[in-house]
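Observations on chain architecture
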Amino acid sequence: MTSSPIPITPENSSARVLSEFPVDHRGSPVPTLAMIRTRVMELRKRRGLTIALVVVNIGIPAIFLAVRLIIHVVDPKSYGPAGGYGIFTNLVTGVMFIFGFIVAATLGCTAGSVDLSEGVFRHLVVTGRSRLALYFARIPAGLTILVPIVAVGFATVCAVCVLAAPTQLHFDGAVVPQGLSEGGLVSWAKANPQEVICNFNYRGPINVPVRCGPNGPVAINPQTGPPASTAVSTSQLATLAAAIAVQDYSSYHQTFLKPPYSLMAQSLLWLELETAIGFIVGLGLASLMGQRTVPVVLMIILEIVLTPLFATVNIPHLIDLQRAIVGVATVHVEPLGLPSAFSGHGNGGPTLVPESTSTAIVVIVGWLVVWTGLGAWRMARRDV
Amino acid sequence: MTNTVTTLTPAVTAQSPWAVETHGLTKKFGGRTAVNGVDLLVPRGCAFGYLGPNGAGKTTLIRVLLGLTHADAGTMRLLGHDVPAQRDIALARVGAIVDEPRFHQHLTGRQNLEILAAAREPAATQRIDGALDRVGILHRDNDRVSKYSMGMRQRLGVAACLLGDPHLLILDEPMNGLDPGGMVDMREMITSLVAEGRTVVLSSHLLDEIERTCDAVAIVDQGRIIRQGPITELLAGSSLEVEIECDAPERALFLLTSGPLGAKASVIDDHLLVTLAADTSRDAVAEINRILVTGDVAVYRLQENHASLEKWFLEVTSRLGDQQ
């Protein structure tokens, strides 16, 4: 083969002086506000995804609460108030935490893969803009979409749970005054022994020869156990009621008519953290793999299957691996006052794998940093 | 398409006379060498054709130049800036379509351009209207790209290239999907871009389009550049063909090949095709006519065929094939 037999010189062409090169630091890994803004637009305009985000974070809790409001208005004797502390905790840990993570992960996987799959990343790279900046622009953009949606959904839940909270505190099936100290609860129990003995849960052996029978408290034979025919004295009833009240105080202490403001604030931050984790990990995973479907499936498996398993089943020799799962760590930074997202209230539910808060924080930060790094590295190196 | 808007501010930029300059550029995919030691020089301010058959390595070279994939060996400069060391600076004034232009389908044409403009300098956003107008789709700017035809997407791709007020445009198969009118528009726009002082590198396997549009070409095959230069000079070395329609082609063939002219000739579909050396004067055509007439051959038509890039390309590549 021959090469270039006829030289082309600039004199052969009409070369002339052209415009200056802009000085805009486009090699910097820091994205510009304009890049973030247009990225928000690109994600927000995906109708299906946006609808899913709104439905899961706002729609499902709102519909659930609306139904409860309606049936309470129609038949208040059969159906309790729509709001309250219990409803709040169930919605936050049962719905918003888990499904919020999944839709956030879906958004992250979308943000991490669509530029590649739709062929736009090539156009963006040709602008000369740093690939890292193109990647990092997606993080604030995604969070700009997610954070307000989660906040609106959570505000809806809080509003209903506070405004439509019950007026009486139901604890273990008994109507109990709210906000008593331990001494106050004991005093109230002594004054209402039958309510306590026949409704409150016994949380341990009590060495008092009185139990709740079919027709109210009765004395029992301490040796044989069966009910004795002897009458129960008032002091015996008060002693037993006081003992049960002491046992149940810690549980009573965490039961409210409506969620406290501090708990609501902490819960919002916790949900936002969970959402951000879902988004950023999904973004990194999808950027690493260059596609959306498989990462979404993996994220769902992580949240629905692996995390509950690793959070509650103590696997010998794998305890450190279990602690390194981000979902397990997130449960460990859950606000006090919320039931565990995977082990319930602790009443007969599975026990969480033990993990210190500092370890949990390290695990969460590690996941965010590692997945962001992997995604950024892959996007910077990828042939497009 | 209208010729409006994008104006170039006069100022001195990089000093290199070449818009694209590569030396020994090589790119391998496993054991296959897609770009094989390419030395390419594209002068500024011209339309430059990068011509080759499918799979010749055209798009791979463009991807290497633009930093979409890395080179395995060699050096390259775009607009006087070393790539990849100064890639961000060089690409600031480069616009490119690689393969087919693809966009976010759920967004409008304008929104897609806003995303791309945001990755450039702030002034790029202000060029959106002008770019859309120039490629003739300003009236459809708020339609979703999913509703665009292939030709409109090509135009949108060119509009995206114009956002950066480019000194150099690299267009990979820009005629794909265009109807005849669109091809004419594209050709005119390329001409106008060059007239503004920009350099347009046109990668294509459509020889006719390259010949009509470009000032110079590089022929690439199997990852190597086999020829490069101004089209007029390349074609100057091609042989001259004379097509003859007569009443006795076989007799005419005998007269011309046995006579003093020494022409190569053949009969194809009752036509006589005579091939003369490249440096043959036009008097040879008159001599052919005289030989035939004096030999009692009735000549109905005698046509001189000018060398085309297509014929030259086939000639060059077949010669290479013979050598191999």
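Residues numbered from 1 in each chain as written. Chains lettered and ligands numbered in written order. Predicted model: local features only at pLDDT ≥ 70, side-chain atom pairs only at ≥ 80, totals over all residues. Heavy atoms only, no water.

**What about the overall build of chain B?**
If you tally the helices and strands in chain B, you get twelve helices and 14 strands. When the backbone C-alpha atoms are referred to their principal axes, chain B occupies close to 75 × 45 × 40 Å. Looking at chain B residue by residue over its 324 residues, the buried ones come to 57%. Across chain B, every contact between residues at least 6 apart in sequence was considered, and the portion connecting residues at least 24 apart equals 70%. For chain B, the exposed surface amounts to about 13000 Å²; the carbon and sulfur share of it is 50%. (Helix = DSSP H or I, 4+ residues; strand = E, 2+ residues; numbered from the N terminus. Buried < 20%, exposed > 50% of the residue type's maximum accessible area, 1.4 Å probe, protein only. Contact = heavy atoms within 4.5 Å. Areas by Shrake-Rupley, 256 points an atom, 1.4 Å probe, with all protein chains shown as cover.)

**Some words on the overall build of chain A**
For chain A, the count of helices and strands is 14 helices and four strands. A total of 384 residues make up chain A; the buried ones form 48% of that total. Of all intrachain contacts in chain A linking residues separated by at least 6 positions in sequence, the fraction that spans at least 24 positions is 78%. When the accessible surface of chain A is summed, it comes to about 17500 Å², and 64% of that surface belongs to carbon and sulfur atoms.

**Remarks on the domain arrangement of chain A**
The domains assigned to chain A are domain 1 (33-167 + 257-381) and domain 2 (171-253). Here domain 1 of chain A and domain 2 of chain A have C-alpha centroids that lie 42 Å from each other. (Domains from an automatic or database assignment.)

**Considering the packing of helix α6 (residues 150-162) of chain B against helix α7 (residues 180-195) of chain B**
Each packed pair of helices is defined by two parameters, the angle between the axes and the distance between the axes. Residue and element names in this part refer to chain B. Packing of α6 against α7 brings their axes to within 12 Å, and their N-to-C directions diverge by 15 degrees. Classified by the angle their axes make, α6 and α7 are roughly parallel. Where α6 crosses over α7, the handedness of that crossing is left-handed. Touching R155, V158 and L162 of α6 are G182, D185, M186, M189 and L193, all from α7. Among the residues making up the contact of α6 with α7, the classes are represented as five nonpolar, one polar and two charged. (Axes fitted to C-alpha atoms, helices over the stretch in contact; angles between N-to-C directions. Parallel < 35°, antiparallel > 145°, perpendicular 65-115°, else oblique. Left-handed = near helix turned anticlockwise from the far one by under 90°. Nonpolar A, V, L, I, M, F, W, Y, C, P; charged D, E, K, R; others polar.)

**What to know about the sheet that holds strand β11 (residues 240-246) of chain B**
Working definition: the strands of a sheet are paired by backbone hydrogen bonds and lie parallel or antiparallel to each other. Residue and element names in this part refer to chain B. Taken in spatial order, the four strands line up as β12-β13-β11-β14 in an open sheet, and their pairing is antiparallel. The sheet is open, and its two edges are formed by β12 (264-268) and β14 (299-305), each paired on a single side. Strand-to-strand twist in this sheet, taken as the mean axis angle between neighbours without regard to direction, amounts to 20 degrees. Along the sheet, helix α10 (residues 249-258) makes contact with β11, β12 and β13 (271-276), crossing β12 at roughly 175 degrees. (Pairing = 2+ DSSP bridges.)

**A few points about the side chain of D24 of chain A**
Looking at where D24 of chain A falls in the secondary structure, it is placed in the segment before α1 (33-44). When neighbours within four sequence positions are excluded, D24 of chain A is seen to be in contact with R129 of chain A together with R120 and E121 of chain B.

**Observations concerning the domain arrangement of chain B**
Where the parts come together, the accessible area they lose is often given as the size of the interface. You can read the domains of chain B as domain 1 (10-230) and domain 2 (239-306). Relative to domain 2 of chain B, the C-alpha centre of domain 1 of chain B lies at a distance of 44 Å.

**Some points on the pattern of salt bridges**
For the structure on display, the rule yields 25 salt bridges over all chains. R46 of chain A is the partner of E42 of chain A in a salt bridge, and the nearest nitrogen-oxygen pair spans 2.5 Å. Overall, E42 of chain A belongs to the buried group, its relative accessible area being 0%. Classification of R46 of chain A as buried rests on a relative accessible area of 12%. Ionic pairing is found between E287 of chain B and R290 of chain B, a salt bridge with its closest N-O pair at 2.8 Å. Linking E287 of chain B with R290 of chain B, this pair stays in helix α11 (residues 283-294), spanning three residues, or about one helical turn. The exposure class assigned to E287 of chain B is partly exposed, which follows from its relative accessible area of 25%. Residue R290 of chain B is classed as partly exposed on the basis of its relative accessible area, which comes to 44%. Here the salt bridges do not stand alone but share partners, grouping R39, E42, R46, D115, E118 and R138 of chain A into one network. (Salt bridge = Lys/Arg side-chain N within 4 Å of Asp/Glu carboxyl O.)

**Some details on a positive patch on the surface**
A cluster of like positive charges, contributed by R44, K45 and R47 of chain A together with K147 of chain B, occupies part of the molecular surface. As for its position among the elements, R44 of chain A is in helix α1. On the accessibility criterion, R44 of chain A (46% relative accessible area) is partly exposed. (Patch = residues over 30% accessible without salt bridge, like charges linked within 9 Å, V, L, I, M, F, W, Y side chains within 5 Å. Lys, Arg positive; Asp, Glu negative; His and termini not counted. Charge placed at Lys NZ, Arg CZ, Asp CG, Glu CD.)

**A closer look at the pairing of β13 of chain B**
All names here are of chain B. Taking every second residue as pointing to the same face, the buried face of β13 carries L272, V274 and L276, while none of H271, L273 and T275 on the other face is buried. Two elements, β11 and β13, share six bridges in a ladder whose sense is antiparallel. Bridge pairing in β13 places L240 opposite L276. Pairing of β12 with β13 involves five bridges; the strand directions are antiparallel.

**Thoughts on the sheet that holds strand β6 (residues 94-97) of chain B**
Residues and elements named next belong to chain B. Ordered in space as β6-β7-β8-β3-β9-β10, the six strands form an open sheet in which the pairing is mixed. Among the strands making up the open sheet, the edge pair consists of β6 and β10 (224-230). The mean angle between the axes of side-by-side strands here comes to 15 degrees, regardless of whether they run parallel or antiparallel. Inspection of the sheet shows strand β3 (residues 47-51) paired to strand β8 (residues 199-204) by five bridges, in the parallel sense. Looking at the pairing, G49 lines up with L202 of β8. With respect to the sheet, α6 is in contact with β6 and β7 (168-172), its orientation differing from that of β6 by roughly 160 degrees.

**Considering the pairing of β10 of chain B**
Within a regular beta strand, the side chains point alternately toward one face of the sheet and then the other, so they alternate between its two faces. Residue and element names in this part refer to chain B. Burial of β10 is extensive: six of the seven residues sit out of reach of the surface. Where strand β9 (residues 216-221) and β10 come together, six bridges link them in antiparallel fashion. For V217, the partnering residue across the bridge sits in β10 and is G229. Adjacent in sequence and paired antiparallel, β9 and β10 are bridged by two residues, among which Q222 carries a positive phi angle near 50 degrees.

**Describing the nonpolar core**
V20, L40, L66, L168, I190 and L309 of chain B are the most contacted members of the largest nonpolar core, which has 120 residues in total. Ranked by residues supplied to this core, first place goes to α6 of chain B with seven residues. Among the nonpolar cores identified, the runner-up in size contains 49 residues, and F154, C158, L271 and F342 of chain A belong to it. (Core = buried A, V, L, I, M, F, W, Y, C linked by side-chain atoms within 4.5 Å.)

**Examining the packing of aromatic side chains**
Residue and element names in this part refer to chain A. The final tally for this structure, using the stated rule, is eight aromatic pairs over all chains. Ring plane angle 5 degrees and centroid distance 4.3 Å describe the contact between F97 and W270, whose orientation is recorded as stacked. On the criterion of sequence distance, the pair formed by F97 in helix α3 (residues 85-117) and W270 in helix α10 (residues 261-289) is long-range, its members being 173 residues apart. The exposure classification of F97 matches that of W270, with both residues buried. (Phe/Tyr/Trp six-rings, centres within 6.5 Å; stacked < 30°, edge-to-face > 60°.)

**Digging into the environment of I244 of chain B**
Residues and elements named next belong to chain B. Its place among the elements puts I244 in strand β11. Taking the C-alpha atoms as reference, I244 lies 5.8 Å from H271; in sequence the two are 27 residues apart. Excluding residues that lie within four positions of it along the chain, I244 makes contacts with L256, H271, L272, V274, I288, L292, V299, R301 and L302.

**Focus: the side chain of Q322 of chain A**
Residue and element names in this part refer to chain A. Within the secondary structure, Q322 sits in helix α12 (residues 319-323). Classification of Q322 as buried rests on a relative accessible area of 0%. At 2.8 Å, the side chain of Q322 forms a polar contact with the backbone oxygen of F310. Excluding its chain neighbours within four sequence positions, the residues that come into contact with Q322 are L309, F310, V313, N314, I315, V328 and V353. (Polar contact = N/O pair within 3.5 Å; in protein donor to acceptor, adjacent residues only side chain to side chain.)

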